[in-house]
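# Tertiary structure, described
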Amino acid sequence: MSEARIPAQPSCADDFDPQSLPVAEALARIQQQVQPVSGCEQLNLRAALGRVLAADVLAPVDVPAYDNSAMDGYAVRSADLPAVGSVRLRLVGSAFAGQPWGGCLGAGEAVRIMTGALLPDGADSVVMQEHAARDGDSVSIGSGHRAGQNVRRVGEDLRCGSVVLAGGRRIAPFDVGVLASLGRGEVRVRRRVRVAFFSTGDELRSIGEPLEAGCVYDSNRYSLYGMLSRLGVDVLDFGVVRDCREALRETLREAAASADVVITSGGVSVGEADFVRDTLLALGRIHFWKIAMKPGRPLAFGHIDDALFFGLPGNPVAVVVTFFQFVQPALHRLMGMPEQAPLLLRARALAPMKKRPGRTEYQRGILQREADGQLGVRLSGAQGSGVLSSMSRANCFVVLAQASAEVAAGDWVDVQPFEGLY
Ligand SMILES: Nc1nc2c(c(=O)[nH]1)N[C@H]1C(S)=C(S)[C@@H](COP(=O)(O)OP(=O)(O)OC[C@H]3O[C@@H](n4cnc5c(N)ncnc54)[C@H](O)[C@@H]3O)O[C@H]1N2
Ligand code: MOO
């Protein structure tokens, strides 16, 4: 990088801006300011779906609670099973799931047993009925069996006292099933995080309003609503605020008083109607950053009283990218979840990709498995920060590292699949 190429006031159109923060550093600075919410509530299992566990859940019992059969067949003593040839065992009873056979299996005996039934005392193995021939009160079994086969051992799934679900886990559909398998009817979860948001800009019109020359429909509030709803936070939509300092100040105050986090879009750049910066400086502790990334370069972050504040750039794709890279990790932390970097896969670029050095680029891509079995990725359309349609056509971000330059067809690139990102 030559000094001569750094302009006095670098803009987002320049390759290098020594004042802009790398993505990882901006994220680290944000996360330093975020602590998990302290409030908790006790919820029944179904209501707890998608909520974040306040503490570890320990197994109060062994699962399974007893040795039981994994197959329909015959419970036997492995000592009776032949190494060669076959053996005929006497049938002395039947065991069903929920209806155990109460006896103790002796030498030369077998019990008819169903899947899930308690393994009788004395038995240590189950022979599938397909591998046995019943003849009245006896059953004949050949060679090739293994001691302990087809038995689900007590505690083999979960040991009494072991951690089943760790505190900070967001309760997934199958977690609800796991908790039910322990007989847990309720769990303690962190309270819901409240997020207030609004859009700024005189040019914004709401759905249903006519679109005069120079105006656009407000899409950012809808993208934000969608991304926030998937996180299971409470959303408070404060609508559109005009480019007017008083209105901005009042709405910011109200939003900060009612939420843990306030998110705005627009008005954070250098234009003459970009009032977010000044208004915020008067209200709270705010950092304005240029981040070495595209889209999403200008970003305001800080506090208004106790509420966290994110001022996202107005361009619709910049909102989506900055939300996933900065706001979502911060919300996860606030919700009480452990830090987890998004899944990154390697894929082959199927076509060249333009890239400027000096900033991390998040390009919208379509990831697919190619005929040779490898992952391939191509761009989903025009990459302008206002082109939201190529966001909808994409299924991943192609993440091009700050130092990297143009990508040639066939190069390996990093991709963040949307599945798992949101
Ligand atoms: N001289 C410079 N101008 C700009 C630079 C720069 O470095 N030097 N950076 C550009 C980049 S990059 C971005 S990102 C934007 C960010 O600016 P703002 O946050 O102030 O955003 P606005 O100017 O308010 O809006 C930008 C663009 O997005 C449209 N928009 C805004 N809100 C919405 C919404 N809710 N729904 C749909 N579309 C929205 C708005 O109409 C503008 O077209 O600054 C660049 N300029
Ligand atoms: O950060 Mo602006 O990021 O490209 O639209």
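Residues numbered from 1 in each chain as written. Chains lettered and ligands numbered in written order. Predicted model: local features only at pLDDT ≥ 70, side-chain atom pairs only at ≥ 80, totals over all residues.

### Quick look at the nonpolar core
One recurring pattern in soluble globular proteins: nonpolar side chains tend to sit buried together. Which entries qualify depends on this criterion: Joined through C-beta atoms within 7 Å, a set of buried Ala, Val, Leu, Ile, Met, Phe, Trp, Tyr and Cys residues constitutes a nonpolar core. Partly exposed residues are those falling between the two cut-offs: more than 12 but fewer than 20 other C-beta atoms within 10 Å of their own, whereas 20 or more means buried and 12 or fewer means exposed, with C-beta atoms placed from the backbone. Each helix is a run of H or I in the DSSP string that is no shorter than four residues. Each strand is a run of E no shorter than two, and both are numbered from the N terminus. Contact definition: two residues whose C-beta atoms, as placed from backbone geometry, lie within 7 Å.
Residues Val-261, Val-262, Ile-263, Phe-309, Val-398 and Val-415 are the most contacted members of the largest nonpolar core, which totals 78 residues. Ranked by residue count, the leading element in this core is helix α7 (residues 316–335), at 11 residues. Beyond its immediate stretch of four places on either side in the chain, Val-415 contacts Leu-345, Ala-347, Gly-365, Leu-367, Val-377, Cys-396, Phe-397, Val-398 and Val-399. Judged by nonpolar contacts, the second largest core, of 19 residues, contains Tyr-74, Leu-81, Leu-118 and Leu-119.

### Some remarks on the sheet that holds strand β5 (residues 86–95)
Rules: When DSSP finds two or more bridges between two strands, those strands count as paired. Under this scheme, a helix contributes an axis fitted over its contacting stretch, all axes are lines through C-alpha atoms, and angles between N-to-C directions fall in the 0 to 180 degree range.
The mixed open sheet is built from 6 strands, whose spatial order is β7-β4-β6-β5-β9-β8. Since the sheet does not close on itself, it has two edges, and those belong to β7 (125–128) and β8 (132–135), each with one partner. With strand direction ignored, the average angle separating the axes of adjacent strands in the sheet is 35°. Bridge count between β8 and strand β9 (residues 138–142): 4 bridges; the pairing is antiparallel. Note that in β9 the partner of Arg-134 across the bridge is Val-139.

### Observations regarding the site of ligand 2
Rule in force here: In this analysis a residue is considered near a molecule or strand if the C-beta atom, reconstructed from its backbone, is found within 6 Å of that molecule or strand. Charged residues are taken to be Asp, Glu, Lys and Arg, nonpolar residues to be Ala, Val, Leu, Ile, Met, Phe, Trp, Tyr, Cys and Pro, and polar residues to be all remaining types, Gly included.
What surrounds ligand 2 is the set Cys-12, Lys-294, Pro-295, Gly-296, Arg-297, Pro-313, Asn-315, Ala-318 and Ser-385. Its residues assigned to classes, the shell around ligand 2 shows 4 nonpolar, 3 polar and 2 charged.

### Regarding the sheet that holds strand β16 (residues 234–241)
Taken together, 6 strands build an open sheet; the order of strands is β16-β13-β17-β21-β20-β18 and the sheet is mixed. Two strands lie at the open edges of the sheet, namely β16 and β18 (285–290), each paired on one side alone. With strand direction ignored, the average angle separating the axes of adjacent strands in the sheet is 15°. Relative to strand β21 (residues 307–312), strand β17 (residues 261–265) runs parallel, the two sharing 5 bridges.

### Looking at the site of ligand 1
In the vicinity of ligand 1 lie 28 residues, with Asn-220, Gly-266, Ser-269, Pro-313 and Gly-314 positioned nearest. Taken together, the residues of the shell around ligand 1 break down into 10 nonpolar, 14 polar and 4 charged.

### Overview of the pairing of β17
With 5 of 5 residues buried, β17 is to be regarded as a mostly interior element. The two faces of β17 match: Val-261, Ile-263 and Ser-265 on one face and Val-262 and Thr-264 on the other face are all buried. In terms of strand pairing, strand β13 (residues 194–200) meets β17 through 5 bridges, oriented parallel. Paired with Val-195 across the strands is Val-261, a residue of β17.

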